[in-house]
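Structural characterization, general
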Amino acid sequence: MKRNLLEETFKFIHQRTFVGGIVLLVILMLYNALTVRINTTTLVFEFGAVQWIPVIIIGVASTFLAMEYQYHTILVVLYKNSHKWQTYLAKLVVVWLYSLLLTVVAVVITFILKFLMVGRQYGWFTYSTGQPTRINLLLGNVIGTLVYSLFIVTLAFLLITLLKMNTAVIGIGLALGFLGASISVALMDSFASSTTVVRWNPLNMVFVTQQLANSPYANMSHLNNLEIIAGNLIYAAGFGVIGYQLFKRRHV
Amino acid sequence: MLKVQNVTTYIGRTKIVKRASFDIDAGNIVGLIGPNGAGKTTIMKTILGLTKFDGSIQINHQPVTENQHAALNSVGALIEHPAIYPFLSGRQNLALYSHDHQDMARLIAKLGMTDYIQQKAKGYSLGMKQKLGIAIALLNHPQLVILDEPMNGLDVEATIGIRKLIKQYADRGTAFLISSHILSELQKVMTHVVLINHGQIIVNQSFEEFEQLHHRDYKLLTEDEVLTAQVLQQRTIHYIQEGNTFRVKRADIFDIQDALYQQQIHLKELAPIETNFEQVVVTILEQQRRADHEA
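Residues numbered from 1 in each chain as written. Chains lettered and ligands numbered in written order. Predicted model: local features only at pLDDT ≥ 70, side-chain atom pairs only at ≥ 80, totals over all residues.

1. Looking at the overall build of chain B
The test is simple: Runs of E in the DSSP output that reach at least two residues are strands. Runs of H or I that reach at least four are helices, and both are numbered from the N terminus. Exposure criterion: with C-beta atoms placed from backbone coordinates, a residue whose C-beta has 20 or more other C-beta atoms within 10 Å is buried, one with 12 or fewer is exposed, and one in between is partly exposed. Whether two residues are in contact depends on their C-beta atoms, placed from the backbone: they are in contact if these lie within 7 Å.
Of regular secondary structure, chain B possesses 10 helices and 14 strands. With the C-alpha coordinates of chain B rotated into their principal frame, the extents come out at 75 × 45 × 30 Å. A burial count over chain B gives 36% of its 295 residues as buried. Residue pairs in contact within chain B that sit at least 24 positions apart in sequence constitute 70% of those at least 6 positions apart.

2. A look at the overall build of chain A
Selection criterion: What the globule rule says is 2.2 Å times the number of residues to the power 0.38, and the radius of gyration is computed from C-alpha atoms.
Secondary structure summary: chain A contains 12 helices and zero strands in total. Secondary structure elements in chain A, listed N-terminal to C-terminal, are α-α-α-α-α-α-α-α-α-α-α-α. Relative to a compact globule of 252 residues, whose C-alpha radius of gyration would be 18 Å, chain A shows 19 Å and is just as compact. Across its three principal axes, chain A shows a C-alpha extent of roughly 60 × 50 × 30 Å.

3. Some points on the sheet that holds strand E11 (residues 217–222) of chain B
Residues and elements named next belong to chain B. How we decide: Each pair of strands is called paired provided DSSP finds at least two bridges between the two strands. Geometry is summarised by axes, namely lines fitted to C-alpha atoms with helices restricted to the contacting stretch, and by angles between N-to-C directions that run from 0 to 180 degrees.
In space, the four strands of this open sheet follow the order E12-E13-E11-E14, with antiparallel pairing throughout. Pairing within the sheet leaves two strands with one partner each, and these edge strands are strand E12 (239–242) and strand E14 (267–272). Pairs of neighbouring strands in the sheet enclose a mean axial angle of 25 degrees, with direction left out of account. Bridging between E11 and strand E13 (residues 245–249) involves four bridges; their strand directions are antiparallel. The partner of Asp217 across the bridge, within E13, is Lys249.

4. Overview of the environment of B:Ile273
Along the chain, B:Ile273 falls in the loop between E14 and helix H10 (277–294). Ignoring any residue separated from it by four or fewer positions in sequence, one finds B:Ile273 in contact with B:Asp217, B:Tyr218, B:Lys219 and B:Arg247.

5. Quick notes on the packing of helix H4 (residues 49–70) of chain A against helix H6 (residues 84–118) of chain A
Residues and elements named next belong to chain A. Worth spelling out the cut-off: Orientation categories follow fixed angle ranges, with anything under 35 degrees roughly parallel, anything over 145 roughly antiparallel, 65 to 115 roughly perpendicular, and all other angles oblique. Left-handed is the label given to a crossing in which the near helix is rotated counterclockwise from the far helix by less than a right angle, and right-handed is the label when the rotation is clockwise. Three classes are used: nonpolar for Ala, Val, Leu, Ile, Met, Phe, Trp, Tyr, Cys and Pro, charged for Asp, Glu, Lys and Arg, and polar for all others, with Gly counted as polar.
Running from amino to carboxyl end, H4 crosses H6 at an angle of 150 degrees, the nearest separation of the two axes being 10 Å. Comparing the axis directions of H4 and H6 gives the class roughly antiparallel. H4 and H6 meet at a crossing whose hand is right-handed. Contact residues: H4 offers Ala49, Ile53, Ile56, Ile57, Val60, Ala61, Phe64 and Leu65, while H6 offers Lys91, Val95, Tyr98, Ser99, Leu102, Thr103 and Ala106. Class assignment for the residues of the contact of H4 with H6 results in 12 nonpolar, two polar and one charged.

6. Focus on the pairing of strand E8 (residues 175–179) of chain B
Residues and elements named next belong to chain B. Here is the rule we go by: Note on handedness: a clockwise path from strand one over the helix to strand two, with the strands aimed away from the viewer, defines a right-handed crossover.
Judged by how many residues are buried, E8 sits mostly within the fold: five of five residues are covered. Where burial is concerned, the two faces of E8 agree: the one with Ala175, Leu177 and Ser179 and the one with Phe176 and Ile178 are both buried. Across five bridges, the pairing between strand E7 (residues 144–148) and E8 is parallel. Looking across to E8, one finds that Asp148 is bridged to Ser179. The β-α-β motif built from E7, the intervening helix H5 (residues 156–171) and the parallel element E8 has right-handed crossover chirality.

7. Some remarks on the interface of chain B and chain A
Contact with chain B, which involves 21 residues of that partner, is made by 17 residues of chain A. A class-by-class count of the residues in the side of chain B that touches chain A yields 14 nonpolar, six polar and one charged.

8. Let's talk about the environment of A:Leu43
Residue and element names in this part refer to chain A. Tracing the backbone through its elements, the reader meets Leu43 in helix H3 (residues 40–44). Put simply, Leu43 and Thr133 are 90 residues apart on the chain and 12 Å apart in space, counted from C-alpha to C-alpha. Sequence-distant contacts of Leu43, defined by excluding residues within four places in its chain, comprise Ile38, Thr110, Lys114, Tyr122 and Arg134.

9. What about the sheet that holds E7(B)?
Residue and element names in this part refer to chain B. Spatially, the six strands line up as an open sheet ordered E6-E7-E8-E3-E9-E10, and their pairing is mixed. For this open sheet the edge positions go to strand E6 (75–78) and strand E10 (200–206), each flanked by a neighbour on one side alone. The mean angle between the axes of side-by-side strands here comes to 15 degrees, regardless of whether they run parallel or antiparallel. Alignment of E6 against E7, held across four bridges, turns out to be parallel. Bridging from a neighbouring strand, Leu78 pairs with Leu147 of E7. Each of strand E9 (192–197) and E10 is contacted by helix H7 (residues 207–214), which is oriented at about 100 degrees to E10, the strand it contacts most. Lying over the sheet, H10 contacts strand E3 (29–33), E9 and E10, oriented at roughly 35 degrees with respect to E9.

10. So, the domain arrangement of chain B
The condition is simple: Reported domain spans reflect what an automatic or database domain assignment gives.
Entries for chain B in the domain assignment read domain 1 (2–212) and domain 2 (216–272). The C-alpha centroid of domain 2 of chain B is placed 45 Å from the C-alpha centroid of domain 1 of chain B.

Given below as structure tokens:
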């Protein structure tokens, strides 16, 4: 497993998407900083990074698995390993660690942009009206993003093994990132009597990126913090198992 | 070294390989030949534990199954396309799998890749990629190397170089299973022939035996062609006259020599007619097709 992780990390950091993802995130955060009025919400949501990281991750994840088939390297990867699950898991871990790196980059860029654009205004350790300190809100969002990244990475791997088309997976990722929350809210409004069931729909899991720091979002997701974290982890485990089964059975 | 016994491979519900059995000993170079779709690549993938199969495969007495690949640690392979990451340099592609950096450096030099090995593989020509794919297969002193169409995209010089390298490795005990459509090239290195058609192995013998068996016709030249023709006719021995020589069957050569001796006709030449390997393969496949049709 250690060898698998080292090999996958070596490949991952040499891919263009590794640097590309970081550059894209920084550009999108800069765009947000320059076009949106800076306030507590902008800061604790890391200039939109909370929304962008899952979108970048779904593209990076599906590309990372799809390239093995595209370059015909999957044959060597598989015959050199007795356990296909080690290959699959190593790839999952590497991409999730990348989401961790993106999150760290997002936090650092947020600190720099805040310092450059508003200076000491909106202090990190001061309270926003009736809420925890801004740094606590930011940390809540960071944890939420990492939990949701696990959901997204496993989903991206499942979709690429199922659909075998990178563009389709990236399209689904964009739809999830931008429309997922609204569709989920609309679903719960339409089936208000069944909210206890509908609130567990996968589209609702995106609220984990917001509600850990911002408790009012729990009213939109109809799940408390523990429930939404558990929901994300259970979905991630389910996607991981189904994705692996498809990967194992895929003819090479 | 490699033991393939009664292996049947399915893709979906279709039987691609049917009860295939053959062995490869250390130092053997086995040419796996057959028409497109015969099952060559599937056999290779099966040996690499990449498909489900019935039967048994053993490498150095260790079993290989879809989930047991420990025996494959000493196996190198190039299947269908070179397994190369274009965003890595040639050296990084090799380093990803290499356990012995000296061996890797030696291979780079032997394959003449030194000038471009530091460049990203995405800029490589087809031939350069193919050489890199072969180098990956030869890394870490393998005991068995499986090469599917290794000469694809190689120029004459590179083809000769690869052929020499294969012979060097074989002399040191590495076994090879090689498939190629360029039979004339394969003929120059192989020690054994495995001919497969419709998933079934129809020939499995040493190349020497194969050549002997299929050198059926002999050229006969005597001091008196008219008298020779009369003798052959009297003895009802089949022949084809080609100018002043006769083409006769291998099975008849002792009878012919006896008859000519009795008539005191002296032999000038009696030698096997060089047969084209490709032609022999085509003939065998045609015979099988005819037999299948009649059955």
